[in-house]
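One-letter residues, chain by chain:
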Amino acid sequence: MKTDLTDTTSSKINKALVLGRRAIGTPAVGMVLTLVIVTDEENAYDALKAANEASREHPSRTLVVIKRVSRSPRDRAQARLDAEVRLGADASTGETVVLRLYGEVVDHAQSVVLPLLLPDAPVVVWWPVNAPSDPANDPLGALAQRRVTDTYAAEQPIQELTARADAYTPGDTDLSWTRITPWRSMLAAALDQVVCEVTSAEVEGEEFNPSVELLAMWLADRLKVPVRRAKSAGPGLTSVRMETNAGPIVLDRPDGSLATLSIEGQPDRAVALKRRETAELIAEELRRLDPDDTYATALRFGVERLDEEAATIAPETVVDTVVETVVEPAAETAAEAAPAAKPAPKKAPAKKAAAK
């Protein structure tokens, strides 16, 4: 069931929700939370689709806030709110309200959203794109217990991690962190199978994928060892290699679907480690609404410290390069000297013949 409201108010939207529930025969409110999605028109469809799939596990009232761009001073001076109310099959297992804000009301989105929040229910705000630098101090973010961003969608993902660490507030989280949950589980389980001491590690993945940095920072923080960040063609994370005193432990996923776990002295094992869709990531974040202390610790470790820690093992490679560089000229000098010494004996008999 869909109801379109043009130039409306939050009070009229609430009335439409009540009438809609009565019309479809479900007057009771069975939602467990309010999910607020702040996005643009381009990404609204994909974000809403992911939220509807996640609502099968977490029935929720989904409020999609779309801030429309006004191209002329006249449009910016006219404040207007359009809404689309979806119930029943059109909203999966919950309720969906698509809010389009025009003009001055764009700067006061929190006043539109606040009357539509479910009473006595947690609030989660998700920015699929264009997240604020400080989500907790954003007017909409201040309404929520959890604030979900995605640094992978940022223009400079790695620099965005540093900004997130500086502005971190308990309740902040990142879908780039959620993507590495299976990797963290698998690596922890692999270390439980072997009695060993990890001496160094290397994480390999796409160049502009913040999940690689987050996994490297988590390993460096938990294991207290140098961790290198290596680049690959992807997709996403491709490999993690941990050097231990009992031999290397390698988790390799070249195709984005099936990984191979290799432990010294044990047969290789195939592990299902497929790349997950956004709906699965959102559903995981909605399972727990308390602060993620592990994410906070890894984020605050700092991307720049990865380079400093990795530099402790870099001199070994540099020495090898220098040795090769020194040996090669020596070989060339010996090769040049040898041909020069051979013609000398041939010239001596020629002089003797001339003397005779």
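Cut-off values and rules
Residues numbered from 1 in each chain as written. Predicted model: local features only at pLDDT ≥ 70, side-chain atom pairs only at ≥ 80, totals over all residues. Heavy atoms only, no water. Core = buried A, V, L, I, M, F, W, Y, C linked by side-chain atoms within 4.5 Å. Buried < 20%, exposed > 50% of the residue type's maximum accessible area, 1.4 Å probe, protein only. Helix = DSSP H or I, 4+ residues; strand = E, 2+ residues; numbered from the N terminus. Contact = heavy atoms within 4.5 Å. Expected span 1.5 Å × (residues − 1). Arc of directions from axis to C-beta. Pairing = 2+ DSSP bridges. Axes fitted to C-alpha atoms, helices over the stretch in contact; angles between N-to-C directions.

**Digging into the nonpolar core**
When a protein is soluble and globular, its nonpolar side chains tend to lie buried together.
Here's step 1: Residues V203, L215 and V227 are the most contacted members of the largest nonpolar core, which totals 40 residues.
Here's step 2: Per-element accounting of this core gives the leading share, eight residues, to helix α8 (residues 210-223).
Here's step 3: Here V203 is in contact with V212, L215, A216, L219, V227, R228, R229, A230, L237, S239 and V240, once residues within four sequence places are set aside.
Here's step 4: Counting 27 residues, the second-largest nonpolar core is a separate cluster that includes V36, L99, V106 and W127.

**A closer look at unusual backbone geometry**
Here's step 1: Phi at D7 is positive, roughly 50°, even though this residue is not glycine.
Here's step 2: Among the structural elements, D7 can be located in the loop between β1 (2-5) and α1 (10-24).
Here's step 3: Even without a glycine there, the phi angle at D120 is positive, about 55°.

**Notes on α1**
Here's step 1: Between its first and last C-alpha atoms α1 spans 21 Å; for 15 residues at 1.5 Å apiece the expected length is 21 Å, and the two agree.
Here's step 2: Looking at α1, one finds that the buried residues are S10, I13, A16, L17, G20 and R21. Projected onto a plane normal to the axis of α1, the buried residues spread over an arc of 130° and lie on a single side. For α1, the exposed residues set more than 90 degrees away from the buried face come down to K15, L19, R22 and A23.
Here's step 3: Contact partners of the buried residues in α1: β1, β3 (60-67), β4 (80-86), β5 (95-102) and α4 (109-113).

**Topic: the sheet that holds strand β6 (residues 123-126)**
Here's step 1: Read across the sheet, eight strands follow the order β1-β4-β5-β3-β2-β6-β7-β8 without closing on themselves; strand pairing throughout is mixed. Each edge of the open sheet is held by one strand with a lone partner, namely β1 and β8 (172-174). Taken pair by pair, the neighbouring strands of this sheet meet at an average axis angle of 15°, ignoring direction.
Here's step 2: Relative to β5, β4 runs antiparallel, the two sharing seven bridges. Within β5, the residue paired with R86 across the bridge is T96.

**Section: the pairing of strand β13 (residues 258-263)**
Here's step 1: Of the two faces of β13, the one lined by A259, L261 and I263 is fully buried and the one lined by L258, T260 and S262 carries no buried residue.
Here's step 2: Sheet topology places strand β12 (residues 249-252) next to β13; four bridges connect them, and they run antiparallel. Residue pairing for β13: L251 is matched across the bridge by L261.
Here's step 3: Count of turn residues in the β12/β13 antiparallel hairpin: five residues, of which G256 carries a positive phi of about 75°.
Here's step 4: The antiparallel hairpin formed by β13 and strand β14 (residues 269-272) contains five residues in its connecting segment, where G265 sits at a positive phi of about 85°.

**Focus on the side chain of S200**
Here's step 1: Considering the arrangement of structural elements, one finds S200 in strand β9 (residues 198-205).
Here's step 2: Overall, S200 belongs to the buried group, its relative accessible area being 14%.
Here's step 3: If sequence neighbours within four positions are ignored, S200 has contacts with V225, P226, R241, M242 and E243.

**Describing the environment of M186**
Here's step 1: Relative to the helices and strands, M186 is located in helix α7 (residues 181-192).
Here's step 2: Put simply, M186 and L251 are 65 residues apart on the chain and 8.4 Å apart in space, counted from C-alpha to C-alpha.
Here's step 3: Those residues within four positions of M186 in sequence are excluded, and the remaining contacts are L251 and V271.

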